[in-house]
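If you want the building blocks of each chain, they are given just below.
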Amino acid sequence: MGDFVTLELLKGTLYLSAEGVLEDGCVACHKPERFDDCIFQISYKQSYSARRELKELLEAEAAEEAAKAEAAQIEAAATVASAAAAAAAAAATNTVSMTESGQLTTDVNQKGTEYGGSLKHKNGEEDEEQEGADEDLLLNKAARMRASRKRNVENEKIDNEKNFAKSIGAPIKFGDEIMLRHVKSNKFVTICQEIARSEPENLRVYLDPQGSPSSWWTIQVHNKLEKEGDELMTAS
């Protein structure tokens, strides 16, 4: 673990190469212009559980915000339509009475409406205040959860580096999962769920600054003389 290696394809003298700074794509080069583009370090298999949990939390929050925005648009449209319908109905049924008793009835009804409306307005303000307090509580809880997940991600990065430092010099066995760190760029060789440009039958390989579970590689047995659990021997 920790050794520096180059990856040569079996079909010929082709090396896995990546520029890594301006271009993150990995290619097979017959004669690379810079050989340091072809040097990788065998790295400890890092953990990404905290990063995955943070990603899931952010995606859930984004989906919730989108749902709230859509619901608010629907409610606003329904309110406008209801107000328009009420105004049309009022205009159709509104009559003006010229008698004294009719005027008195109109005044009494209007005062009763004003009194009832003031009560409803007061209750509505209390409901809005309670809803605002509940919303602030939920926002504070979400912010604390988000901050906690971010701290977990940072702690996970520190643990990964510590575990890698401890693993340097340990033997590698067939069946082990490792990561390949591009020495020049300090990025990890990763499989992308996209089709390769030059080989449509294969997936694209690129360099990821943080790495992911798609950066885990398994050392497989190559012939019948080897079996899982055996130490990987080098020619040096």
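Just above, that's the structure.
Residues numbered from 1 in each chain as written. Predicted model: local features only at pLDDT ≥ 70, side-chain atom pairs only at ≥ 80, totals over all residues. Heavy atoms only, no water.

A.B. asks: Just checking my understanding: could you explain the nonpolar core for this structure?
C.D. replies: Considering soluble globular proteins, one finds that nonpolar side chains tend to be buried as a cluster. Membership of the largest hydrophobic core comes to 13 residues, with the highest contact counts inside it found for Ile 42, Ile 178 and Leu 180. Looking at this core, the elements with two or more residues in it are strand E4 (40-43) and strand E5 (177-182). What Ile 42 contacts, discounting residues up to four positions off in sequence, is Met 1, Gly 2, Asp 3, Val 5, Phe 164, Ile 172, Ile 178, Met 179 and Leu 180. (Core = buried A, V, L, I, M, F, W, Y, C linked by side-chain atoms within 4.5 Å. Buried < 20%, exposed > 50% of the residue type's maximum accessible area, 1.4 Å probe, protein only. Helix = DSSP H or I, 4+ residues; strand = E, 2+ residues; numbered from the N terminus. Contact = heavy atoms within 4.5 Å.)

A.B. asks: I keep staring at the side chain of Lys 187 and nothing clicks. Help me out?
C.D. replies: Tracing the chain through its elements places Lys 187 in strand E6 (residues 187-195). Lys 187 gets classed as buried once you look at its relative accessible area, which sits at 14%. Among the polar contacts listed, one links the side chain of Lys 187 to the backbone oxygen of Gly 20, at a separation of 2.9 Å. At 2.8 Å, the side chain of Lys 187 and the side chain of Asp 24 are in polar contact. (Polar contact = N/O pair within 3.5 Å; in protein donor to acceptor, adjacent residues only side chain to side chain.)

A.B. asks: Explain unusual backbone geometry here, please?
C.D. replies: Most peptide bonds take the trans configuration, and most residues that are not glycine carry a negative phi. If you check the backbone angles, Asn 186 has positive phi at about 65 degrees while not being a glycine. For Asn 186, the location among the structural elements is in the loop between E5 and E6.

A.B. asks: So what exactly am I meant to see when it comes to the packing of aromatic side chains here?
C.D. replies: What describes a pair of aromatic rings is the distance from one ring centre to the other and the angle between the planes of the rings. The tally for this structure, following the rule as stated, stands at one aromatic pair. Residues Tyr 15 and Phe 35 carry aromatic rings whose centres are separated by 5.4 Å and whose planes lie at 80 degrees to one another, so their mutual orientation is edge-to-face. Placement of Tyr 15 in strand E2 (residues 15-17) and of Phe 35 in the loop between strand E3 (27-29) and E4 is noted, with a sequence separation of 20 residues between them. Classification of Tyr 15 as buried rests on a relative accessible area of 17%. Looking at Arg 181, its charged tip hangs above the ring of Phe 164, at a distance of 5.2 Å from the centre. (Phe/Tyr/Trp six-rings, centres within 6.5 Å; stacked < 30°, edge-to-face > 60°. Lys NZ or Arg CZ within 6 Å of the ring centre and 35° of its normal.)

A.B. asks: Whenever I open this one, the pairing of E5 confuses me. Can you help?
C.D. replies: Most of E5 is tucked away, with five of its six residues classed as buried. With four bridges connecting them, E4 and E5 associate as antiparallel partners. Note that in E5 the partner of Phe 40 across the bridge is His 182. The sheet contact formed by E5 and strand E8 (residues 217-218) spans two bridges and is antiparallel. Bridge pairing in E8 links Glu 177 to Thr 218. In terms of strand pairing, E5 meets E6 through two bridges, oriented antiparallel. For His 182, the partnering residue across the bridge sits in E6 and is Lys 187. Linking E5 back to E6 in an antiparallel pair, the connection comprises four residues, with Asn 186 at a positive phi of about 65 degrees. (Pairing = 2+ DSSP bridges.)

A.B. asks: For this particular structure, what's the right way to read the state of the cysteines?
C.D. replies: Summed over the entire model, instances satisfying the criterion amount to zero disulfides. Residue Cys 38 stays outside any disulfide, its sulfur separated by 6.2 Å from that of Cys 29, the closest cysteine. (Disulfide = S-S within 2.5 Å.)

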